[in-house]
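# What the coordinates show
Take a look at the letters that make up each chain.
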Amino acid sequence: MKKTRLLTLSVCAALAGTLGLTACGSDGSGDDSGEKKLTFMFRGGADEKKAYEAAIAKFTEDTGVAVEVIVTDADQYATKLQAAVAGNKVPDVFYIEQANLQSYVNSGVLKDITADVEASGVDLDNLWTFGVDSYRYDGKVQGQGALYGLPKDVGPFSFGYNKTMFEAAGIPLPSVDEPYTLDEFVDVAKKLTLDTNGDGELDQWGTGLNVQWNLQPFVWSNGGDWTNEDKTKVTVDTPEFAEALQWFADLQNVHGVTPSAEQAQTLDTYQRWMAGEIGFFPVGPWDVSTYAKLDFDWDLIPYPAGSTGESATWVGSLGIGVSNTSKHPADAAKLVTYLSADEAAQKTLVDAGVQIPNLIDMADTWAAEATTKPANRQEFLDIVQDYGRPMPAAVTYGAQWYDDLWTNIQPVLDGKQTAAAYLKEAQPKMQSFLDQSIAQAEQAAAGK
Ligand code: CA
């Protein structure tokens, strides 16, 4: 059923591309029979799909509104949604990425649900401000104005460690309050990098981090950033930024505390962390249901801190919005407020270990529970409330300028080019993409 549905969308998109936008008409939208049925398109791993389907079943039970779910894997979602938009088959309710909000509003895909949210009685003060504001847009600035969605979740990107490995190595456990300095972190990572069976080959490493998801904490805590405050100038060519990227690359090339590129190819560091071979590894709320099954003890700590002495990391969010073409906009908005802010729905999703509570009062109770891992789950809340930042491209018009940093970064990671030299090269290209995106945003807003 789901597969057929996805196939229909892709075929429509392909046809839409060659035959024009009307190729797929309105068939299969779920509205033709006159029966009230919403389509909801989302993404997630197996545990997340199961949890959302359970929450949606309860919504149908409570409201009598049937919901057809279209679920994709995370990496296919953006493409499938674009295909649905191109084919004039936008689902009634769907996940929106922060970085796409402005273009979906400007092109008329997303509905303004401010009035529906107000009428629903949802207490917005009991939702994380960062989450709610991510889906506000006044036509110029994202973060203020009308609501074009509510948060599906907020995703604090925390840092974990293998407690069992520390105990086996006789190393004092890291503090949950005082972050390591970068030097302290390297020292501990060296102690954890071991040939445990004496065959001359390493089989345990201090860490193994993906640059795209993990560079931010080290750059920010070192006083660097991707742009200036109003997001008009790319600032990756600063000494603070270069120092953090060089330190990141040195973990492998100088300090040898991560699996080599070759070793990571045999088994990636995510798999090695799960096999108990990695000391420090990032942890998001979406990982908790999987990591709960690991056969070692682990917990959360603040990220090691660079020259500012303050931990930093990013907090993401996905939103849930309503299509401007929905034939049942009131019910669609109801599904949004239900998934985002209903207590029973939130409990289902939180108990499944796929996200932290959206409701602040529920989060406080949840943080105090000590029955399941991680023990220091307060760290997730501290990130959301205190030290988490949006991704650099979260509120710019598109992310090409940001993505470009990763395109040619490999020589730095391989130790073949210095971070400073690379960043000096990268800045003008990134700046040119950012300039284009600012011009596009201005054009789109003017043509709206
Ligand atoms: Ca060995």
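No experiment lies behind these values; they were computed from the predicted model shown.

The rules behind these values
- Residues numbered from 1 in each chain as written.
- Predicted model: local features only at pLDDT ≥ 70, side-chain atom pairs only at ≥ 80, totals over all residues.
- Heavy atoms only, no water.
- Buried < 20%, exposed > 50% of the residue type's maximum accessible area, 1.4 Å probe, protein only.
- Helix = DSSP H or I, 4+ residues; strand = E, 2+ residues; numbered from the N terminus.
- Pairing = 2+ DSSP bridges.
- Domains from an automatic or database assignment.
- Contact = heavy atoms within 4.5 Å.
- Buried area = accessible area lost by both parts, 1.4 Å probe.
- Salt bridge = Lys/Arg side-chain N within 4 Å of Asp/Glu carboxyl O.
- Donors = N, O, S within 2.8 Å, 3.2 Å for Na, K, Ca; no water.
- Axes fitted to C-alpha atoms, helices over the stretch in contact; angles between N-to-C directions.
- Parallel < 35°, antiparallel > 145°, perpendicular 65-115°, else oblique.
- Left-handed = near helix turned anticlockwise from the far one by under 90°.
- Nonpolar A, V, L, I, M, F, W, Y, C, P; charged D, E, K, R; others polar.

Let us now look at the pairing of strand β10 (residues 313–322). Within β10, 10 of the 10 residues are buried, which leaves the element mostly enclosed by the surrounding structure. Across two bridges, β10 lies against strand β11 (residues 388–389) in parallel orientation. Its bridge partner lying in β11, T313 is registered against G388.

A separate point is the domain arrangement of the protein. Under the domain assignment used here, the protein contains domain 1 (3–156 + 316–389) and domain 2 (158–314 + 404–434). In this assembly, 21 residues from domain 1 lie in contact with 24 residues from domain 2. Summing both sides of the interface, domain 1 and domain 2 together bury roughly 1900 Å²; the carbon and sulfur share of this comes to 58%. When the buried area of domain 1 at its contact with domain 2 is split by residue, K373, Y387 and R389 rank highest and sum to 35% of it. Along the contact surface separating domain 1 from domain 2 lie two salt bridges.

The protein atoms donating to the calcium ion are D195 (OD), N197 (OD1), D199 (OD), E201 (O) and D203 (OD), with metal-donor distances spanning 2.1 to 2.4 Å. Mapping the donors of the calcium ion onto the primary sequence yields the spacing D-x1-N-x1-D-x1-E-x1-D. Overall, D195 belongs to the partly exposed group, its relative accessible area being 29%.

It is worth spelling out the packing of helix α9 (residues 211–221) against helix α10 (residues 239–253) at this point. Contact geometry of α9 with α10 gives a least axis separation of 9 Å together with a crossing angle of 130°. Considered as vectors, α9 and α10 are oriented oblique to each other. Note on packing geometry: the crossing formed by α9 with α10 is right-handed. Between α9 and α10, the contacting residues are V211, N214, L215, F218 and V219 on the first element and F241, A244, L245, W247 and F248 on the second. Counted by class, the contact of α9 with α10 contains nine nonpolar, one polar and no charged residues.

Sheet architecture is open: three strands sit in the order β8-β7-β9, paired in antiparallel fashion. What marks the edges here is a single partner per strand, and that holds for β8 (280–283) and β9 (298–301). Averaged over neighbouring strand pairs, the angle between their axes works out to 40° when direction is ignored. Here strand β7 (residues 158–162) pairs with β9 via four bridges, running antiparallel. In the sheet register, G160 faces β9, and the bridge partner there is L300.

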